[in-house]
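The lines below spell out each chain.
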Amino acid sequence: MIVCVCNRISDREIVRHVRAGLGFDDIQLELGVATQCGRCEGCAREVVEQCSRMHPVAALHSAITPTNAAAMS
Ligand code: FES
């Protein structure tokens, strides 16, 4: 299913990036989702959230940013 019509980005592409450990902001930068009209943002965030729940390790990985990684060590 196409999530972002403006950039022709599918839910499969978003899921693939979540499984690689990327969060919404990273995916937005990488794919350009929700960077034009913005109507897809809610749906795209929902896809990221649902996939993160199914793949908690990927979500944990994406939650570790350089800032909080330093605090964890
Ligand atoms: S549909 Fe995604 S930015 Fe327009």
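Residues numbered from 1 in each chain as written. Predicted model: local features only at pLDDT ≥ 70, side-chain atom pairs only at ≥ 80, totals over all residues.

Next up on the list: the overall build of the protein chain. In terms of regular secondary structure, the protein chain is built from five helices and two strands. The secondary structure elements of the protein chain, listed N-terminal to C-terminal, are β-β-α-α-α-α-α. Expressed as a percentage of the 73 residues in the protein chain, the buried residues total 25%. (Helix = DSSP H or I, 4+ residues; strand = E, 2+ residues; numbered from the N terminus. Buried ≥ 20, exposed ≤ 12 C-beta atoms within 10 Å, placed from the backbone.)

A few words on the nonpolar core. A general feature of soluble globular proteins is that nonpolar side chains tend to end up buried together. With 15 residues, the main nonpolar core has Val3, Cys4, Ile14, Ile27, Val33, Ala44 and Val48 as its most contacted residues. Taken together, the elements giving at least two residues each to this core come down to β1 (2-4), α1 (11-19), α2 (24-31) and α3 (41-54). In this view, Val3 contacts Ile9, Ser10, Asp11, Ile14, Val33, Cys40, Cys43, Ala44 and Val47; residues no more than four positions away in its chain are not counted. (Core = buried A, V, L, I, M, F, W, Y, C linked by C-beta atoms within 7 Å. Contact = placed C-beta atoms within 7 Å.)

One non-glycine residue, Arg8, lies in positive phi territory at about 50°. Take Arg8: there are 11 C-beta atoms within 10 Å of it, and that puts it in the exposed class. Although it is not a glycine, Ala34 adopts a positive phi angle of roughly 60°. Relative to the helices and strands, Ala34 is located in the loop between α2 and α3. Given 22 C-beta atoms within 10 Å, Ala34 falls into the buried group.

Attention now goes to the packing of α1 against α2. Where α1 contacts α2, the two axes come as close as 10 Å, and the packing angle between them is 125°. One finds that α1 runs oblique with respect to α2. Helix-helix and strand crossings are classified by hand; for α1 and α2 the assignment is right-handed. Packed against α1, whose contacting residues are Glu13, Ile14 and His17, the element α2 presents Ile27, Glu30 and Leu31 at the interface. Class assignment for the residues of the contact of α1 with α2 results in three nonpolar, one polar and two charged. (Axes fitted to C-alpha atoms, helices over the stretch in contact; angles between N-to-C directions. Parallel < 35°, antiparallel > 145°, perpendicular 65-115°, else oblique. Left-handed = near helix turned anticlockwise from the far one by under 90°. Nonpolar A, V, L, I, M, F, W, Y, C, P; charged D, E, K, R; others polar.)

Buried within α2 we find Phe24, Ile27, Gln28 and Leu31. Looking straight down α2, one finds that the buried residues subtend no more than 105° of arc, so they occupy a single side. Projecting away from the buried face of α2 at angles above 90 degrees are the exposed residues Asp25 and Leu29. If you follow the buried residues of α2, they end up packed against β2 (9-10), α1 and α3. (Arc of directions from axis to C-beta.)

Keep in mind these values describe shape, not function.
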